[in-house]
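# Survey of secondary and tertiary structure
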Amino acid sequence: MNSGITCPDGGTREGVRVRRATARDARRLTRIVRTSRAYEGPYAAMVAGYRVGADYIENHRVFAAVDADDRVLGFYALILDPPELDLLFVADEAQGLGIGRLLIGHLRDEARRTGLTGVHVVSHPPAEGFYRSMGARRTGTRAAAPPAVMWDRPELLLPVA
């Protein structure tokens, strides 16, 4: 999709593109989720045993941002019915390079192509600011659901038009 992205220093990272994830990416996507610094401390239990399986990738719209060497820098999963962002992760080493913005741009294009006007997001609490900076607006709060999720999470609507 994109031949380069703007980095915080004003330069570009050449060769970054978004492609459909494949079953062969399952281990890499799982590793990004399980090692995410965003889920340290009290949030660690939520991703400790999490697995992005090949079957999930094959049955959902999962897209990966990859560099010129096909190294996965981040990914997202879009559910169409009802429209929801199921997952969005950026590898720790790729934080701050614009990968999240690239993925949201791709998600909007993908959602628009399928006729959606907005995508529901149940956000990890520390990520709410990112989604709001992308134009999402808060619509409510998803209550904690122990033992899987021990904290309330912001609900947002990300417009795609």
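Residues numbered from 1 in each chain as written. Predicted model: local features only at pLDDT ≥ 70, side-chain atom pairs only at ≥ 80, totals over all residues. Heavy atoms only, no water.

## Some details on unusual backbone geometry
Note the threshold: Runs of E in the DSSP output that reach at least two residues are strands. Runs of H or I that reach at least four are helices, and both are numbered from the N terminus.
Residue Pro 82 follows Asp 81 across a cis peptide bond; omega there is -5°. Relative to the assigned elements, Pro 82 resides in the loop between β5 (72-80) and β6 (83-90). Here the amide bond leading from Pro 146 into Pro 147 is cis, since omega sits at 5°, within 30 degrees of zero. With respect to the element layout, Pro 147 can be found in the loop between β8 (137-142) and β9 (153-159). Phi angles above zero are rare outside glycine, and Asp 70 is one such case at about 65°. Along the polypeptide, Asp 70 turns up in the loop between β4 (61-66) and β5.

## Concerning the pattern of salt bridges
Going by this rule: Here, a salt bridge means any side-chain nitrogen of Lys or Arg that lies within 4 Å of a carboxyl oxygen of Asp or Glu. Relative accessibility decides the category of a residue: with a 1.4 Å probe and only protein chains considered, values under 20% of the type maximum give buried, values over 50% give exposed, and everything between is partly exposed.
Counting across every chain of the model gives 14 salt bridges. Between Asp 70 and Arg 19 there is a salt bridge, and its shortest N-O distance comes to 3.0 Å. With Asp 70 in the loop between β4 and β5 and Arg 19 in strand β3 (residues 17-20), the pair connects residues that are 51 residues apart, well separated along the chain. In this structure Arg 19 comes out as buried when scored by relative accessible area, which is 13%. With its nearest N and O atoms 3.1 Å apart, the salt bridge here joins Arg 142 to Glu 155. Here Arg 142, found in strand β8, pairs with Glu 155, found in strand β9; they are 13 residues apart in sequence, far enough to count as distant. Each member of the salt-bridge network shares a partner with another, and the members are Arg 17, Arg 19, Asp 25, Arg 28 and Asp 70.

## Observations concerning the nonpolar core
Nonpolar side chains in soluble globular proteins tend to be buried together. Defined as follows: As used in this record, nonpolar core signifies buried Ala, Val, Leu, Ile, Met, Phe, Trp, Tyr and Cys residues forming a set joined through side-chain atoms within 4.5 Å. Only heavy atoms enter the contact rule, under which two residues are in contact if any of them lie within 4.5 Å.
Membership of the largest hydrophobic core comes to 49 residues, with the highest contact counts inside it found for Phe 75 and Ile 99. Contributions of two or more residues to this core are made by α1 (26-34), α3 (54-59), β4, β5, β6, α4 (99-113), β7 (118-122) and β9. For Phe 75, the residues in contact, after removing those within four places along its chain, are Leu 29, Ile 32, Val 33, Val 52, Val 62, Phe 63, Ala 64, Leu 87, Leu 88, Phe 89 and Leu 103.

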